[in-house]
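Architecture and fold: a report
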Amino acid sequence: MAQKVGVSEATVSRVLNGKPGVSDSTRQAVLSALDVLGYERPTQLRGERARLVGLVLPELQNPIFPAFAEVVGGALAQQGLTPVLCTQTKGGVSEADYVALLLQQQVSGVVFAGGLYAQAAAPHDHYRQLADRNIPVVLINAAIGELGFPTVSCDDTVAVEQAWRHLASLGHERIGLVLGPEDHMPSRRKLAAARAAAQALGTELDDADVVRAMFSLEGGQAAATRLLERGITGIVCASDPLALGAVRAVRRRGLSVPEDVSVVGYDDSAFMNCTEPPLTTVRQPIEAMGRAAVELLTVQIGGSAVPGEELLFEPELVVRGSTAQAPRAGTAAG
């Protein structure tokens, strides 16, 4: 422990035994090292929260989550806070298990990105545990209404409006939607926005032109295959991996993107400009969102209240090579 912090063993001993004669910064450094190395704090020191912040992500395969982790982790470090990355894996540690672990570690706060708070039918008891203990929490992207935590979101409504208008401007009349599960709050918002966008253009969005999928490339491929069977020529997807799956589905049918079918993603995660064709997508402003999340968290850690309403950030349509003029009648995917 002394070696890790760069102090003498006697200094570590004084901190662990609550003795005077140690500066606040050194005392905090020793306590943080204790937390990072996984040791329990001595009972008399447990009332003081660690300078650790949990960063809970659903996965790392979708590049948008490592991108959020990089931004949030960097902003936390600038505030003298150490991020503890908690990533769920299928059949592994659950979100509730991670929360229990973080509470044991006496964390100062928790940032969630893409967690169970976005799913209406999921268990939410572990969030209430955090609220009951007054642990500062910030959520990234749309949450169910009753949790009451400050939330930083990309505006799903604007994102879908941008994508829909783009495809309509290219002459697409048969536009389909690939979303996440029915209880997924951002997907609910995107569906409402798509219906409104279709109506604004004088059409209706048929229920059969909305397909739900797990957030993966394979899920996107299966969903897009169903849309292609209905003659859809423009596909709006709720994530970039879903969009890449849609591109694969188009090719498996012997068709081309964008000549026969146009595809729009969502996120603008890493390397989407390197795909073939480069993916047209709606960019989440992750830098601004991540920094705002950390600011909301540090204000709470400092003992001040923050507004409970959701902060909405404007997305940006990034037009690349996966969208083009709709095919002429008789050449559409059917």
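Residues numbered from 1 in each chain as written. Predicted model: local features only at pLDDT ≥ 70, side-chain atom pairs only at ≥ 80, totals over all residues. Heavy atoms only, no water.

1. With respect to the overall build of the protein chain
So the rule is basically this: Helix and strand definitions here come from DSSP, where helices need a minimum of 4 consecutive H or I residues and strands a minimum of 2 consecutive E residues; each element is numbered from the N-terminal end. Residues count as neighbours in contact if any of their non-hydrogen atoms are within 4.5 Å of one another. Every accessible area reported is derived by Shrake-Rupley at a probe size of 1.4 Å, with residue values counting cover from the shown protein chains alone.
The helix and strand tally for the protein chain stands at 11 helices and 12 strands. Considering only C-alpha atoms, the protein chain reaches an extent of 85 × 35 × 35 Å along its principal axes. Taking as baseline every contact in the protein chain between residues at least 6 positions apart, the subset at least 24 positions apart corresponds to 71%. Accessible area of the protein chain: about 15,100 Å², with a carbon and sulfur share of 50%.

2. Here's the deal with the pairing of strand E8 (residues 234-237)
What counts, and what does not: The rule is simple: take the accessible area with a 1.4 Å probe, protein chains only, and divide by the maximum for that residue type; under 20% is buried, over 50% is exposed, in between is partly exposed. By definition, two strands form a pair when at least two bridges between them are found by DSSP. Orienting the strands away from the viewer, one traces the path from the first strand over the helix to the second; a clockwise path indicates a right-handed crossover.
The side-chain alternation of E8 yields two buried faces, one formed by Gly-234 and Val-236 and the other by Ile-235 and Cys-237. Pairing of strand E6 (residues 175-179) with E8 involves 4 bridges; the strand directions are parallel. Its bridge partner lying in E8, Val-178 is registered against Cys-237. Sheet topology note: the E8/strand E9 (residues 262-267) ladder contains 3 bridges and is parallel. Counterpart to Gly-234 in the pairing with E9 is Ser-262. The parallel pair E8 and E9, bridged by helix H10 (residues 240-252), forms a crossover whose chirality is right-handed.

3. So, the packing of aromatic side chains
The geometry of two aromatic rings is summed up by the distance between their centres and the angle between their planes. As a reminder of what qualifies: The rule is short: rings of Phe, Tyr and Trp, with Trp giving its six-membered ring, pair when the centres are within 6.5 Å, and they are stacked under 30 degrees, edge-to-face over 60, tilted in between. By the criterion adopted, a ring carries a charge over it if an Arg CZ or a Lys NZ lies within 6 Å of its centre and within 35 degrees of its normal.
Inspection of the entire model under this criterion finds 3 aromatic pairs. Geometrically, the ring pair formed by Phe-112 and Tyr-127 is edge-to-face, given 5.1 Å between the ring centres and 65 degrees between the ring planes. On the criterion of sequence distance, the pair formed by Phe-112 in strand E3 (residues 109-113) and Tyr-127 in helix H6 (residues 125-132) is long-range, its members being 15 residues apart. In terms of burial, Phe-112 and Tyr-127 fall into one category: buried. Plain terms: the ring middles of Tyr-117 and Tyr-127 are 6.1 Å apart, the flat faces sit at 80 degrees to each other, and that makes the pair edge-to-face. Within this pair, whereas Tyr-117 is found in the loop between E3 and H6, its partner Tyr-127 is found in helix H6, the two being separated by 10 residues in sequence. Feature note: the residues Phe-112, Tyr-117 and Tyr-127 constitute an aromatic cluster, connected by ring pairs. For the cation-ring pair, Lys-190 lies above Tyr-266, with the distance from its terminal atom to the ring centre recorded as 3.9 Å.

4. Examining the sheet that holds strand E11 (residues 311-313)
We count it as follows: Only the stretch in contact is used when a helix axis is fitted, and all axes are lines through C-alpha atoms; the angle between N-to-C directions ranges over 0 to 180 degrees.
Read across the open sheet, the 6 strands follow the order E2-E1-E3-E4-E5-E11; overall the sheet is parallel. The open sheet has two edge strands, strand E2 (82-87) and E11, and neither has a second partner. Direction aside, the axes of adjacent strands within the sheet are offset by 20 degrees on average. Pairing geometry for E3 and strand E4 (residues 137-140), over 4 bridges, is parallel. Paired with Ala-113 across the two strands is Ile-140, which belongs to E4. Its contacts with the sheet place helix H5 (residues 95-104) against strand E1 (52-57), E2 and E3, and it is angled at close to 155 degrees to E2.

5. What to know about the environment of Pro-63
Within the fold, Pro-63 resides in the loop between E1 and helix H4 (64-78). Along the primary structure Pro-63 and Leu-85 are separated by 22 residues, whereas in three dimensions their C-alpha atoms are 15 Å apart. Among residues more than four places away in sequence, those in contact with Pro-63 are Ser-269 and Ala-270.

6. Observations concerning the nonpolar core
What counts, and what does not: By convention a nonpolar core is built from buried Ala, Val, Leu, Ile, Met, Phe, Trp, Tyr and Cys residues, the set being connected through side-chain atoms within 4.5 Å.
In terms of nonpolar packing, the biggest core is built from 93 residues, with Phe-112, Trp-164 and Ile-235 touching the most fellow members. When residues no more than four places from it in sequence are discounted, the contact partners of Trp-164 are Ile-175, Leu-177, Ala-194, Ala-197, Ala-198, Leu-201, Leu-205 and Val-236. Residues Ala-2, Val-12, Val-30 and Leu-31 belong to the second largest nonpolar core, which totals 6 residues.

7. Notes on the side chain of Ser-239
For Ser-239, the position within the fold is in the loop between E8 and H10. What makes Ser-239 buried here is its relative accessible area of 2%. Setting aside residues up to four positions removed in sequence, Ser-239 forms contacts with Asn-62, Phe-215, Gly-265, Tyr-266 and Asp-267.

8. Comments concerning the side chain of Thr-323
The condition is simple: Polar contacts, as counted here, are pairs of nitrogen or oxygen atoms within 3.5 Å of one another; within protein the pair requires one atom able to donate a hydrogen and one able to accept it, and residues that are adjacent in sequence qualify only if both atoms are side-chain atoms.
Among the secondary structure elements, Thr-323 is positioned in the segment after strand E12 (316-318). A distance of 2.9 Å separates a polar atom in the side chain of Thr-323 from a polar atom in the side chain of His-166. In terms of polar contacts, Thr-323 uses its side chain to reach the side chain of Thr-280, at 3.0 Å. Residues within four places of Thr-323 in sequence aside, it is in contact with His-166, Leu-167, Leu-170, Pro-258, Ser-262, Val-263, Val-264 and Thr-280.

9. Thoughts on the sheet that holds strand E7 (residues 210-212)
Adjacent strands of a sheet form backbone hydrogen bonds with each other and so pair up, either parallel or antiparallel. The sheet built from 6 strands is open, its strands ordered E7-E6-E8-E9-E10-E12 with mixed pairing. The sheet is open, and its two borders are formed by E7 and E12, each paired with just one other strand. Neighbouring strand axes in the sheet, compared pairwise and without regard to direction, differ in orientation by 20 degrees on average.

Bear in mind that shape data such as this cannot, by itself, settle questions of function.
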